[in-house]
Amino acid sequence: MIEIMSVLFVENLKKSFADRTLFSDVSFEIRPGERVGLIGVNGSGKTTLMRILMGKESYDGGVFGMRQGTKLSYVEQIPKLDGDVDLYTFTLEAFRPLLDLEAEETRILEKLERGEGERDRLIKRQATVVDTLSREGGATFRALTRSALIGLGFSEEELRRPVTQFSGGQVSKAMLARAILMKADLLLLDEPTNNLDVTAIRWLTEYLRQFKGAVLVVSHDRAFLDDTVTRM
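These lines cover the structure that appears in this document, whether it is placed above or below.

Thresholds, definitions, all that
Residues numbered from 1 in each chain as written. Predicted model: local features only at pLDDT ≥ 70, side-chain atom pairs only at ≥ 80, totals over all residues. Heavy atoms only, no water. Helix = DSSP H or I, 4+ residues; strand = E, 2+ residues; numbered from the N terminus. Buried < 20%, exposed > 50% of the residue type's maximum accessible area, 1.4 Å probe, protein only. Contact = heavy atoms within 4.5 Å. Areas by Shrake-Rupley, 256 points an atom, 1.4 Å probe, with all protein chains shown as cover. Lys, Arg positive; Asp, Glu negative; His and termini not counted. Charge placed at Lys NZ, Arg CZ, Asp CG, Glu CD. Phe/Tyr/Trp six-rings, centres within 6.5 Å; stacked < 30°, edge-to-face > 60°. Lys NZ or Arg CZ within 6 Å of the ring centre and 35° of its normal. Pairing = 2+ DSSP bridges. Axes fitted to C-alpha atoms, helices over the stretch in contact; angles between N-to-C directions. Parallel < 35°, antiparallel > 145°, perpendicular 65-115°, else oblique. Nonpolar A, V, L, I, M, F, W, Y, C, P; charged D, E, K, R; others polar. Salt bridge = Lys/Arg side-chain N within 4 Å of Asp/Glu carboxyl O. Arc of directions from axis to C-beta.

1. A few points about the overall build of the protein chain
From N to C terminus, the protein chain includes eight helices and seven strands. Reported as C-alpha extents along the three principal axes, the dimensions of the protein chain are approximately 65 × 45 × 35 Å. Per-residue burial for the protein chain yields a buried fraction of 44% across its 232 residues. Considering only residue pairs separated by 6 or more positions, the protein chain has 70% of its internal contacts joining residues 24 or more positions apart. When the accessible surface of the protein chain is totalled, it reaches about 12,400 Å², and 50% of it is carbon and sulfur. For the protein chain, the distance from the average position of its 32 positive side-chain charges to the average position of its 35 negative side-chain charges is 1 Å.

2. As for the packing of aromatic side chains
The description of an aromatic ring pair uses the distance of the two centres, along with the angle that the planes make with each other. A full pass over the atoms with the stated rule returns five aromatic pairs. On the numbers, 5.2 Å between centres and 45° between planes, the contact of Phe95 with Phe141 is tilted. Of this pair, Phe95 sits in the loop between helix H2 (87–92) and helix H3 (96–114) while Phe141 sits in helix H5 (residues 141–151), placing them 46 residues apart in sequence. Neither residue differs from the other here; Phe95 and Phe141 are each classed as buried. Centre to centre, the rings of Phe154 and Phe166 are 5.7 Å apart; their planes meet at 85°, and the pair counts as edge-to-face. Pair noted here: Phe154 is in the loop between H5 and helix H6 (168–180) and Phe166 is in the loop between H5 and H6, with a separation of twelve residues, a long-range link. Considered together, Phe154 and Phe166 belong to a single accessibility category, that of buried residues. Here the aromatic cluster, defined as three or more aromatic residues joined through ring pairs, consists of Trp203, Tyr207 and Phe211. Between the NZ or CZ atom of Arg161 and the centre of the ring of Phe166, over which it lies, the distance is 4.2 Å.

3. Overview of the sheet that holds strand S2 (residues 20–30)
In spatial order, the strands read S2-S1-S4; together these three strands make up an open sheet with antiparallel pairing. Every interior strand has two partners, whereas the edge strands, S2 and strand S4 (61–66), have only one. Pairwise comparison of adjacent strand axes, ignoring direction, gives a mean angle of 20° for this sheet. Note: strand S1 (residues 8–17) against S4, five bridges, orientation antiparallel. Residue pairing in the sheet places Leu8 in a bridge with Met66 of S4. Strands in contact with helix H1 (residues 46–53) are S1, S2 and S4; relative to S1, the strand with the most contacts, it is inclined by about 120°.

4. Here's the deal with the packing of H5 against helix H7 (residues 198–210)
Each pair of packed helices can be summarised by the angle the axes make with each other and by the distance between the axes. Axis separation between H5 and H7 bottoms out at 9 Å; the angle between their running directions is 135°. The pairing of H5 with H7 is recorded here as oblique in orientation. Counted together, Ser147, Ala148 and Gly151 of H5 and Thr199, Ala200 and Trp203 of H7 form the full contact between these two elements. Grouping the constituent residues of the contact of H5 with H7 by class yields three nonpolar, three polar and no charged.

5. Concerning the pattern of salt bridges
Scanning the entire structure with this criterion turns up 15 salt bridges. Glu57 is the partner of Lys15 in a salt bridge, and the nearest nitrogen-oxygen pair spans 3.4 Å. With Lys15 in strand S1 and Glu57 in the loop between H1 and S4, this pair connects stretches of sequence that are 42 residues apart. With a relative accessible area of 4%, Lys15 lands in the buried category. Judged by relative accessible area, which is 24%, Glu57 ranks as partly exposed. The partner of Asp100 in a salt bridge is Arg96, and the shortest N-O contact between them spans 2.8 Å.

6. A closer look at the pairing of strand S7 (residues 214–218)
The buried fraction of S7 amounts to five of the five residues, a majority that puts the element mostly inside the structure. Across the two faces of S7 the burial is the same, with Ala214, Leu216 and Val218 and Val215 and Val217 all buried. Pairing geometry for strand S3 (residues 35–38) and S7, over four bridges, is parallel. Each residue of the ladder has a partner; that of Gly37, found in S7, is Val217.

7. Focus: H5
Along H5, the residues that are buried comprise Phe141, Thr145, Ala148, Leu149 and Gly151. All buried residues of H5 fall inside an arc of 165° around its axis, so they share one side. Looking at the buried side of H5, the elements it contacts are H2, H3, H6 and H7.

What follows is the structure, given as structure tokens:
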């Protein structure tokens, strides 16, 4: 058994469809900080494996697991939209916990102004919320979101366009931005360069080089893999 100190371990994983075995006896591990490339011919099950690891697909044998508390982020090849929101707001969902804390802080301030609730308890909770926001990047997450979108090739004007007005490739880029901003311990990327131009690929490459978490990336882009992964 692969030791649980790994961010991710997979042992003898098997997946079948009807009378066809897609893959079997798949075993590997990913340790903290590793950037691992996954390659294979089309139809060999790379995307299916990713979906299994995300809990979006069943499997027929073997085991896999992650270190307790591991935060996982995944970029699908064909993303599903959450609604008719603008691009910036759509991507900002990467920081949902911080957005929720901001909303809570606003509610606390409104209650204090109206004299509602137990004042001491509200003030104590407000201090906790403010401290958490400060510690977790509450002052910078909006700028980071904008920077990621600009880095991936979007213009300032496009940030306020409804996400449903963008092409599939542009939505994939927005999903990529949202995934990498989530500060995951393990980032799963499925063909992330498919819809990126040279400038955006350069930005993503530099981001992954500095990323502190682990990465599992499916790609046919040999140059991108050479520049980013630590092993195959």
